[in-house]
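Here are the chains, one letter per residue:
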Amino acid sequence: ANVTIKEPLNNTLKNKSIAFNVTANITMLGNDGIDCNATISFSNKGVLNISAGENNTHVLGNIPFESSKITNWSVTYA
């Protein structure tokens with residue numbers, strides 16, 4: 001699978017008092033993807049974390065070869 005972060009763009013500045021979305025595009029390049037999931041993680045949860053009520057892992061289901069699915073997470077500053 002190829003994962004591309006669509007939002008926020010590199011070097012984007014965000015107001016730390018406002019939650020924002022992280023949007024990822026997942027494209028299957030080798031074979032069909034069966035029962036796919038996308039999981040976001042942060043190396044320093046003292047800086048960024050997912051918003052309350054949000055799950056780290058999103059179920060994407062099946063993604064056919066050469067197809068894509070987009071998912072997004074709500075993120076807040078710690």
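Residues numbered from 1 in each chain as written. Predicted model: local features only at pLDDT ≥ 70, side-chain atom pairs only at ≥ 80, totals over all residues. Heavy atoms only, no water.

Q: Could you give me a rundown of unusual backbone geometry, with the residues and numbers involved?
A: With the exception of glycine, most residues fall at negative phi, and the peptide bonds are largely trans. The linkage connecting Glu7 with the following residue, Pro8, adopts the cis geometry, with an omega of 0°. Inspection of the secondary structure assignment puts Pro8 in the loop between β1 (2-7) and β2 (20-27). Residue Asn11 is not a glycine yet carries a positive backbone phi of 65°. Following the sequence through the fold, Asn11 ends up in the loop between β1 and β2. One non-glycine residue with positive phi stands out, namely Glu66, at about 65°. (Helix = DSSP H or I, 4+ residues; strand = E, 2+ residues; numbered from the N terminus.)

Q: Just give me the short version of the sheet that holds β1, but keep the residues and values in it.
A: Sheet architecture is open: four strands sit in the order β1-β2-β6-β4, paired in antiparallel fashion. One side of each edge strand has no neighbouring strand; the edge strands of this open sheet are β1 and β4 (48-50). The mean inter-strand angle of the sheet, taken between neighbouring strand axes irrespective of direction, is 35°. Bridging between β2 and strand β6 (residues 68-77) involves eight bridges; their strand directions are antiparallel. Within β6, the residue paired with Thr27 across the bridge is Ser68. (Pairing = 2+ DSSP bridges. Axes fitted to C-alpha atoms, helices over the stretch in contact; angles between N-to-C directions.)

Q: Please give an account of the pattern of salt bridges that cites residues and values.
A: The full count for this structure, using the stated rule, is one salt bridge. In this structure, the salt-bridge partner of Lys14 is Glu7, at a minimum N-O distance of 3.5 Å. When its relative accessible area of 32% is taken as the criterion, Glu7 is described as partly exposed. (Salt bridge = Lys/Arg side-chain N within 4 Å of Asp/Glu carboxyl O. Buried < 20%, exposed > 50% of the residue type's maximum accessible area, 1.4 Å probe, protein only.)

Q: Residue-level account of the pairing of β6, with values.
A: Along any regular strand the residues' side chains alternate between the sheet's two faces. Looking at chain direction, β4 and β6 are connected through three bridges and run antiparallel. Opposite Ile50, over in β6, you have Val75 as the bridge partner.

Q: Would you mind going over the side chain of His58 in detail, with residue names and values included?
A: As for its placement among the helices and strands, His58 is situated in strand β5 (residues 57-63). Here Glu54 takes part through its side chain, which lies 2.8 Å from a polar atom of the side chain of His58. Discounting residues that sit within four places of it in the chain, His58 has contacts with Cys36, Asn37, Ala38, Thr71, Asn72 and Trp73. (Polar contact = N/O pair within 3.5 Å; in protein donor to acceptor, adjacent residues only side chain to side chain. Contact = heavy atoms within 4.5 Å.)

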